[in-house]
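Next come the chains, spelled out residue by residue.
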Amino acid sequence: MATATARNVDDKDYAALAEMAAANGRSISEELRALIAEAARKRRLEELIAAIKPMPLPEGMTSLDLLREERDSW
């Protein structure tokens, strides 16, 4: 696993982080790891959503029409 070091963290920010960690029953290190993991997951999800292109609907059809058509094809 990688190691990261943050220097010159503002005292108020550090205190807020310590409060968050305590509220979540974690150490400050655990809280930082959780925050980093959450940010990374959020970014990957945003990239995935951006990569998904909406399917164009045929003229005059709604998504409900397509669902019914697919259902009826079974």
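As shown above, the structure is provided for reference.
Everything quoted here is computed from the prediction, not taken from an experiment.

**Points about unusual backbone geometry**
Here comes step 1: Within the chain, asparagine 8 stands out as a residue other than glycine whose phi angle is a positive 55°.
Here comes step 2: Mapped onto the elements, asparagine 8 comes out in the segment before α1 (11–23).
Here comes step 3: On the basis of relative accessibility, which here comes to 80%, the residue asparagine 8 falls in the exposed class.

**Brief notes about the environment of alanine 18**
Here comes step 1: Mapped onto the secondary structure, alanine 18 falls in helix α1.
Here comes step 2: Relative accessible area serves as the criterion here: at 29%, alanine 18 is assigned to the partly exposed category.
Here comes step 3: Between the alpha carbons of alanine 18 and isoleucine 28 there is a distance of 5.8 Å; along the sequence they are 10 residues apart.

**Some details on the packing of α1 against helix α2 (residues 28–51)**
Here comes step 1: At their nearest, the axes of α1 and α2 sit 9 Å apart, and the two run at 90° to each other. For the element pair α1 / α2, the angle class is roughly perpendicular. Every residue of α2 that contacts α1 at Tyr14, Leu17, Ala18, Met20 and Ala21 is listed here: Ile28, Glu31, Leu32 and Leu35.

**A word on α1**
Here comes step 1: Between its terminal C-alpha atoms α1 stretches 18 Å, which fits the 18 Å expected from 13 residues at 1.5 Å a residue.
Here comes step 2: Measuring from the side-chain oxygen of the N-cap residue of α1 to the backbone nitrogen of lysine 12 gives 2.8 Å; that N-cap residue is aspartate 10.
Here comes step 3: Glycine 25, located one to two residues past α1, shows a positive phi value of around 70°.

What counts as what
- Residues numbered from 1 in each chain as written.
- Predicted model: local features only at pLDDT ≥ 70, side-chain atom pairs only at ≥ 80, totals over all residues.
- Heavy atoms only, no water.
- Helix = DSSP H or I, 4+ residues; strand = E, 2+ residues; numbered from the N terminus.
- Buried < 20%, exposed > 50% of the residue type's maximum accessible area, 1.4 Å probe, protein only.
- Axes fitted to C-alpha atoms, helices over the stretch in contact; angles between N-to-C directions.
- Parallel < 35°, antiparallel > 145°, perpendicular 65-115°, else oblique.
- Contact = heavy atoms within 4.5 Å.
- Expected span 1.5 Å × (residues − 1).
- Polar contact = N/O pair within 3.5 Å; in protein donor to acceptor, adjacent residues only side chain to side chain.

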